[in-house]
Amino acid sequence: QVQLVESGGGLVLPGGSLTLSCTASRYILSSSPMGWYRQAPGKQRELVAQIRSGGTTNYADSVKGRFTISRDSAKNTVYLQMNSLKPEDTAVYYCNAQIVGDLYWGQGTQVTVSS
């Protein structure tokens, strides 16, 4: 069993920045994809960003150019740097890891973008 612990959420003004962190309870192989999802009230959970083997990344169109996912395998940690935040980015953000075909999720962290 792998536990994912998220941090970094909070309240931020439009145009501001936040960095989310997700640390796994044990080492996760670089071959295991990790990513960030988000779910806003009344909306389906959607993929925000994913990082795969070799550092290949994928982003939702809505966040391209504003968000950056990165990974420090030595620290068992994946990050999501969020810049130029918009009210539409308000959601609960979940860390995800795919390990041997099983999906693991963090507890979620609230990001609220509001003036």
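Please refer to the structure higher up on the page.
Residues numbered from 1 in each chain as written. Predicted model: local features only at pLDDT ≥ 70, side-chain atom pairs only at ≥ 80, totals over all residues. Heavy atoms only, no water.

J.: In this structure, what is going on with the pairing of strand 1 (residues 4-7)? I would like to understand it.
T.: Moving residue by residue along a regular strand, the side chains alternate between the two faces of the sheet. Where burial is concerned, the two faces of strand 1 differ: the one with L4 and E6 is buried and the one with V5 and S7 is not. Direction of pairing for strand 1 relative to strand 3 (residues 18-24): antiparallel, over a ladder of four bridges. The partner of L4 across the bridge, within strand 3, is A24. (Buried < 20%, exposed > 50% of the residue type's maximum accessible area, 1.4 Å probe, protein only. Helix = DSSP H or I, 4+ residues; strand = E, 2+ residues; numbered from the N terminus. Pairing = 2+ DSSP bridges.)

J.: Would you take a moment to explain the pairing of strand 10 (residues 102-105) for this structure?
T.: When strand 9 (residues 91-99) meets strand 10, the two strands line up antiparallel, connected through four bridges. Each bridged residue has a counterpart across the sheet, and for N96 the counterpart in strand 10 is W105. Counting the residues between successive antiparallel strands, the hairpin from strand 9 to strand 10 contains two residues, one of them, V100, with a positive phi of roughly 50°.

J.: What's the story with the sheet that holds strand 8 (residues 77-82) in this structure? I'm lost.
T.: As a general point, the strands of a sheet are linked pairwise by backbone hydrogen bonds and lie either parallel or antiparallel. Ordered by their spatial adjacency, four strands build an open sheet running 1-3-8-7, and the pairing between neighbours is antiparallel. At either end of the open sheet lies a strand with only one pairing partner, and these are strand 1 and strand 7 (67-72). Each adjacent strand pair in this sheet contributes to an overall mean axis angle of 15°, direction not counted. (Axes fitted to C-alpha atoms, helices over the stretch in contact; angles between N-to-C directions.)

J.: Can you help me understand unusual backbone geometry in this one?
T.: In most cases, non-glycine residues show a negative phi, while peptide bonds are predominantly trans. Although it is not a glycine, S84 adopts a positive phi angle of roughly 50°. Relative to the elements of secondary structure, S84 occurs in the loop between strand 8 and strand 9. For S84, a relative accessible area of 40% gives the class partly exposed. Phi at V100 is positive, roughly 50°, even though this residue is not glycine. The residue V100 is located in the loop between strand 9 and strand 10 in this model.

J.: Just to check I follow, could you spell out the state of the cysteines for this structure?
T.: Formally, a disulfide is one covalent bond, and it connects the sulfur atom of one cysteine to the sulfur atom of another. As enumerated under the stated definition, the model contains one disulfide in all. Between the sulfur atoms of C22 and its disulfide partner C95 the distance amounts to 2.0 Å. Judged by the sign of its S-S torsion, about -80°, the cystine formed by C22 and C95 is left-handed. Here C22 is found in strand 3, whereas its partner C95 is found in strand 9, with 73 residues between them in sequence. The class for C95 is buried, based on a relative accessible area of 0%. (Disulfide = S-S within 2.5 Å.)

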